[in-house]
Each structure stands twice: as C-alpha cells, then as structure tokens.
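Chains, contacts and geometry: an overview
The chain contents come next:
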Amino acid sequence: MKRLMGWLFDAYAQANALTVWLIDEEGMAHRLTDRLRPSFFVSGTRAELHQVCEWITRAGLPVRLKRAERRDLFARHMLILLEIQVLIPSQYALLVHRIHTTFPSLTLYNADLSISQFYFFERNLFPLAYCEALANESNVIVEIHSDDSRWALDYGVPPLRSMVMQLEGGTPNPNRGQSAPLEITYNDRTYQLPNEDERTTVEWVNAHLTRCNPDVIITRWGDSFILPRLVQAAQRHHLPLHLNRDPNCRTQMRPARSYFSYGRIVHKTMSHTLFGRWHIDLNNAFILDYDLEGAVEVARLTQQPMQQVVRVSSGTGISAMQVATAYHNGYLIPYQKSEPEEFKTARDLLTSDKGGLTYQPITGLHFDVAELDFASMYPAIMARYNVSPETIHCSCCPESRVPEIGYSICRRERGLVPETLAPLIQKRLTYKKRLKQTTDVNEKESYRRRASAQKWLLVTCFGYLGYKNARFGKIEAHEAVTAYGREMLLRAKDLVEERGFRVLHMLTDSLWIQKPGTSDGEYELLTHQIERTTDLPIELEAIYKWVAFLPSRVNPYASVPNRYFGAKRDAELKIRGIEARRGDTPAFIRAAQIELLEEMAQADSRVELAARLPRLLEMVRAYEYQLRAGQVALEELAFTFRLSRAPQAYVVNNLNAIVAREFMRRGVQLEAGESIQYVVTNYRAKIPRERVRAMEFIGEAKNYDAERYVQVLARAVETILTPLGINATMLTDWQKKTLLSRSLQARVVGNPEREYWGPLFEDST
DNA sequence: TCCTCACGGGG
DNA sequence: GTGTACGTGAGGA
C-alpha cells in the first residue's frame, strides 16, 4: 500500500476502470486506476420500465438495475425511475445510446454527462485539486480524498513541465498555404527538425518527447496541422508516436465544426487531445483571452478537464457548474438539447425588444460627468432575486411578483441558478477586493486573471437562461432578469434626480449623471442609497473630465446609445462603439484615433479642448502624410473580418467577399467563422481581385491604396471631432489653408450642446 | 433607396 | 459540447 499526495491531473475511462493521473510536488506523474459505476435514469410508466428491464436482461448488458426516486427540477416532485448502473464506465455512452434508440419515447436523465464529470462528482474532486490517495501494489486506488475546495481562494498548482511545438516563424496559418519546418522548445532550448522526411520527423519527435517527458504540449496550429500530420505519418510508416503519456491510449481527434455563438458564426478547427498529458493549441483555445492561470481557475470551478476547458466556450462552463449543483442536490439532469434553428414565433417577436433599458443620450460634449455602474448586474439580480428556471411561475409564492411582467417567483426555495452563482460572485468579489489591497505585482496579476475568467462565466450565465438548448433554461427567467434590471435602473434614476442630478444617459446597468460641484462624499452617499433601494451593488465607475455622446450618422438630430467616448479624471480613456473599439479596424487607424483622443484627454474644459485643436489638426496632417508617403507597414493597414458563410455564398461583391473568393481560387478552403486579414491595394481597380490582397499573399502586393486609407482615416477623425462642432467644410478649408485654426477654435468654444455641424469631409458621404 | 453584411458588450 | 436580442454604419446594386 502506498500513500500519494499530489494534484489531480487527468481522469478518463479506460477498459472497465478509470485511469487517474496525479502529479506530485516533485513533478512526478503517477498513473493510477479507480473504480466508477455511473448511473443514468429512465422515466416512464410502470409497464414501460418493466419492458426496459426485460429487454436489458435478455440483452445481457453489463449493468445493474434498481428502482429509484429522484426529483425533477421543474416538476418539483419525486419521480419513480429505473436506475441503470453501468458497470463498465467506458461503455456508458454506448449503453445510453442503445436504450435511447430502443425506447425512443422514454425520457432519460443523467444520460449525457462525461465520465470525468461523474468521477469528480462522486469523489468530490475537480481538476488540479490537491489530493491524497492510497493505492495498492497494482496502483489501484483504495481511497482518494481532497481537502482542497473549488471555492478556495489560495491554491497551489503542480510544477508542470512544458514543451512548445510549432512551425518556424510561429504565427501564419499553415492550412492556408505556407508551411515551415517543425521546431520543438523545452528547457529554454529550441531544436529544429533536421529534415522533412516523414520517418525521421516521427522518430525525432519521439526522441524529444521521451527526453523532455512534458506534462503539457503547447502548440500553434497543433490541432489542425501539426498533430494530424504527425499521426498520419506515424500510421503510414507503422511507427509508434509517444504524444500520449498513457501508452495504451491513442490521440483523440474531433472534427472541425462551425457553430453559432454570440450572434456570429465561430469556427473551431479539428482538435487533437491526449491522455496523461495535455495538448493546448494556442490558435484553437479560448484561453487566449485570459491565459493559462484563468483556465486553471475555470477547470477547477467548472470541473471540466483542462484540455476541454481551453477548447470550449464559457457557456459550457457555467452549464457544467449548474450540472454539478444539480447532481450534488440530487436533482435529475435533463439532456442538453440541440435543436436546430427555428423560425421565431409571434410571441418571441413580441418580447424580443424588451431587453435591457436603453436611453437616448443627450448628444454632445459634457463636462464633469459621473458614471455609476451596477456591478455584474444580471448575475447579481439572479442571485439576489432568486431568478432561476424553476423558481419562475411557482405556485407557492403568489404574492411575490417580478416587476412589470408580473410572473410569480419563488421565495421559499433557493433556485439552482442562484445557488450556483452565489459562491462564484462571492469568490470574484474577494479577488477584486484583494486586487485593490495588495501591492505585490505577481499577486495582483494572479487575482486579475482569475477574476477576469470568472467574469466570463457570470456574463454567459444570463444568456444561458434564454438559450433554447440549455439544460436549465427558460425564456421567462431570462425576461425576469431584464425586467428587474429595468426596474432597478429606473429606481436609481429617480433617486439621483431627486438629489438634483441631471441624467445624461442610461444603458442597461449604467447611468451617466451630472451636477456641478458634486463632492466625492456625495457620490459615495448616492451609491449607498441606490444599493439600499435596489439591493444590488453599484459602483462609481468613473468621474469624467468630459464625455461625448455621438449623434447618429444617419440622422444627425438623433443620438445613439452605444457610441461614446470620454476622458476620466486621470486622463484614462473610455471608448465604446467607435472605430477604435471595432475588431475590423486597421491597427493604424485605431492608433491614430486613440492618439488623438489621448491628446484631447489632457483637456479639462471646453476652452482647453479648443486650445488643443491646432495640435490635433497637425497630428491628423502627420498621419495623412505618413499614409501618402507610403511609410505605413502593410500589417498596420490590415482590415480583419470573420466569414459569416462560405465564400461562394456571398451575394454582394464587397472587399470581404472578394478576398474570401480569392482564397477559393487559390485552392484554400475557408469555412464560415474563419477570420481573414487583408490590405486594400487598389480600391478602384476594374478587376475586383486587384483591389485587395490577403495577408497570406501580401508579398505580391506592391503598394497600398493611400487615397483609400486617407478616406478611412478621415472618417475616424470625423467621428471624434464631431462633438467639437467641426464639420466637413471647415476641415477641407483648413486643409486648403483658407481658414485659420483660430476661427475653428472659436467655433468649438461657442458650440452649444446638441448642435451638430454635419459631416467633416464632404466627399465621404 | 434598398439590401447585404459585420460588429458590439462584459473586462 | 453551440447565449439572446437589436441597433448602427458602410457600401454595393
């Protein structure tokens, strides 16, 4: 018998047991096995369940049958069920599938969890939990337990050995034509592949894997290019390939897919995951947003294996947390539906425009403005007001009503969603508090990363309530959250107005308010009062020297809610909706716009802004000169866009479609959801494909179209100078030197709010 | 003028 | 192993 202490690294079904990997303090990896008998449930009439039993007995399936009573979350009462305990965990999915296809009319529960989820739930464990295991001579776990908790604020991570595998040069997508030789890096040394011969390549990779014995293989384009090629080469030459640490396992491939998420098509390439070792492809990972430390936090919180965490969206994460809560509380877990898109019903259309509250801001430039933000408003509402799919329309609390829409909502029993969210909100709050208190740079970074990863789980939780394929979703719960949101924002509005503030703008969870001479103490008092009336946390997000709310480009007399920018007291910028915030804007244009705004952010008043106008105009002239002189690097000028469909499906022949089709013409297959970058080479060229060049083929481009980029720059400049009351004629005149900047300044100082002078460059509209 | 198409948000 | 909705602006036809 031996005793092992270490971090839980991996767990998966293998043969008739479970393989569990622990990594100890010295960085040694230990392969153990454990027993697991996951159960799923069948619901039906007594006769139907009897039929299932008979069929299973006749088929001689490796299961144990029991009668069980469990609660259905929505039914809120006990159901009599048939429990099917699977004796061989690796056959769980297969057995579920057989029962499902043989008895398609019966409802199954707990039928689509992963084996690792079952294991974590049953043993009260999670990825990277610090555990103590007792194992016998055959490495079979006799006992395993952990004092570590998903809610622990401070935790250690194992000392992981990593190997980097990429193609020389790193970044360009090798699936689009240009490849490069493979290179491997570990222990601060990089090794280049000696030659391209397939047999040599496989043997060379094997040698390095054996020598380094990494816990993690970090790649660029490993999922879609390097690993599939290695696997194929090894197969062709009948060679072993030591990517997996577990000698009995083969690399698991999942095919590429495009799916609809966040209102757009996302493309995920095929994936290749390993056993006993992690493969993380930086080009196929969501962790790019919050890095490895955030991913570890999410793996621990959501109880999903690390290789999965880095490849799936945070929606999957919060859904997994809800499943964990349900399992822990003994609720039956319904299937994750996957219904295809359907047409909207009239009811959907009716309720669709009742989301967050949006105000029409008062257009123009405002000085000394405060912004108040409800902190994580929607998650806070779900937790505080007990909004959950099963608490809506409850029959036990008819007195408790959701504002405006009047649904009853349970007060007696805490819902699944609030129960899942509450500790997460609390943990994040503590990290944010520590973030402010600590002076240690590393600690700060650590808290920031974890809090940021948690933020994503919270944000997507709300969306999941309204998602028709969610396990625990209900559109009425979704509506209830936004109804509470509108109610609380309006309560805050009433309160600030009572105290003499002018409300300039409101947007879902934020208010921009103004009252000359307000002290910091009064703001603090104000937030406390709002918190008392709404029972939700609200923060003074910023005090702005000035903030500009933009008019609509279509209708200059109307304001738009989502396009604004401002300078905080410390000159920090806040920018929303304009070119610099958009992912499709070329870096050069973004940098120019931000630099101009930074110059403006130095000004405290309208007079000071006017005084900086000559400098601003000089800066614009300098950018323009750089463009025309051909001094700007092509990378800085690349437009980025994401394909929403197959290249041939585009109806309008704009630049995006032309680039996409150019890839097709060159034999590169592009899928919906893939991202493309290109430079405009000759905007007015007769032959469409000469107008643009994709970054992959940028070597063929002689030059960029300076005139076109000047035009794009002009529009970005116009966006930010509009609130200063500068119009097209004025700027064109200035360019022609017929108007002195002195008179422009006079216009800025004299510009009343709401006033709008029309577009900046006449020929740009 | 109408239609097509891409993006934002939360940090 | 997949949030929703809509509003906005650019540009082609």
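Residues numbered from 1 in each chain as written. Chains lettered and ligands numbered in written order. Predicted model: local features only at pLDDT ≥ 70, side-chain atom pairs only at ≥ 80, totals over all residues. Heavy atoms only, no water.

As a further point, take the side chain of Thr722. Positionally, Thr722 belongs in the loop between α19 (706–721) and α20 (728–735). By relative accessible area, Thr722 is classed as buried at 10%. Only 2.6 Å separates the side chain of Thr722 from the backbone oxygen of Glu718, close enough to count as a polar contact. (Helix = DSSP H or I, 4+ residues; strand = E, 2+ residues; numbered from the N terminus. Buried < 20%, exposed > 50% of the residue type's maximum accessible area, 1.4 Å probe, protein only. Polar contact = N/O pair within 3.5 Å; in protein donor to acceptor, adjacent residues only side chain to side chain.)

Inspection of the entire model under this criterion finds 25 aromatic pairs. Both rings, one in Trp512 and one in Phe549, keep their centres 5.8 Å apart while their planes meet at 85°; by these two values the pair is edge-to-face. Here Trp512 is found in strand β21 (residues 510–514), whereas its partner Phe549 is found in strand β22 (residues 538–551), with 37 residues between them in sequence. Each member of the pair, Trp512 together with Phe549, is buried. One aromatic cluster in this structure is built from Phe40, Tyr92, Phe118, Phe121 and Tyr327. The ring of Tyr155 carries the charged tip of Arg300 above its face, separated from the ring centre by 3.7 Å. Across from the ring centre of Tyr155, 4.2 Å away, lies the NZ or CZ of Arg450, which sits over that ring. (Phe/Tyr/Trp six-rings, centres within 6.5 Å; stacked < 30°, edge-to-face > 60°. Lys NZ or Arg CZ within 6 Å of the ring centre and 35° of its normal.)

What follows covers the sheet that holds strand β4 (residues 39–43). With antiparallel pairing, 4 strands are arranged side by side in an open sheet as β5-β6-β4-β7. Sheet topology places β5 (63–71) and β7 (107–109) at the edges, where each strand pairs with a single neighbour. Put simply, the sheet's adjacent strands are angled 30° from each other on average, direction ignored. Both β4 and strand β6 (residues 78–86) contribute to a ladder of 5 bridges, which runs antiparallel. Its bridge partner being in β6, Phe41 is matched across the sheet by Glu83. In the packing of helix α1 (residues 46–59) onto the sheet, contacts are made with β4, β5 and β6, and the angle to β6 comes to roughly 10°. Contacts from helix α2 (residues 92–102) reach β4, β5, β6 and β7, with the element oriented near 10° to β4. (Pairing = 2+ DSSP bridges. Axes fitted to C-alpha atoms, helices over the stretch in contact; angles between N-to-C directions. Contact = heavy atoms within 4.5 Å.)

In this fold, Ile425 is placed in helix α11 (residues 416–437). Considered as a pair, Ile425 and Asp705 are 280 residues apart in the sequence and their alpha carbons are 50 Å apart. The residues contacting Ile425, other than those within four sequence positions of it, are Pro379, Ala380, Ala383 and Leu458.

In this section: the packing of helix α15 (residues 587–600) against α19. Contact geometry for α15 and α19: axes closest at 10 Å, N-to-C directions at 30°. By the angle between their axes, α15 is roughly parallel relative to α19. Of the two possible hands of crossing, α15 and α19 adopt the one that is right-handed. On the side of α15, the interface is formed by Ile589, Ala592, Gln593, Leu596, Leu597 and Met600, while α19 contributes Tyr709, Val712, Leu713, Ala716, Val717, Thr719, Ile720 and Leu721. Looking at the contact of α15 with α19 residue by residue, the class counts come to 12 nonpolar, 2 polar and no charged. (Parallel < 35°, antiparallel > 145°, perpendicular 65-115°, else oblique. Left-handed = near helix turned anticlockwise from the far one by under 90°. Nonpolar A, V, L, I, M, F, W, Y, C, P; charged D, E, K, R; others polar.)

Attention now goes to the packing of helix α4 (residues 198–212) against helix α5 (residues 222–236). It is the contact of α4 with α5, at a shortest axis distance of 9 Å, that shows an interaxial angle of 115°. Viewed along their axes, α4 and α5 adopt a mutual orientation that is roughly perpendicular. Considering only the axes of α4 and α5, their crossing is left-handed. Within the contact between the two elements, α4 uses Glu198, Thr201, Val202 and Val205 and α5 uses Leu230, Ala233, Ala234 and Arg236.

Take the domain arrangement of chain A next. The domain architecture assigned to chain A consists of domain 1 (39–112), domain 2 (162–312) and domain 3 (358–577). For domain 1 and domain 2, the distance between their C-alpha centres works out to 38 Å. (Domains from an automatic or database assignment.)

This brings us to the protein's contact with DNA strand B. Taken together, 20 residues are adjacent to DNA strand B, and Tyr262, Gly583, Ser644, Arg645 and Tyr650 come closest. Sugar and phosphate atoms represent 74% of those atoms of DNA strand B found within 4 Å of the protein. The contact in question runs from a phosphate oxygen of DNA strand B to an N or O atom on the side chain of Lys455, over 2.8 Å. Separating a phosphate oxygen of DNA strand B from a backbone N or O atom of Val651 is a distance of 2.8 Å. (Near = heavy atom within 4 Å.)

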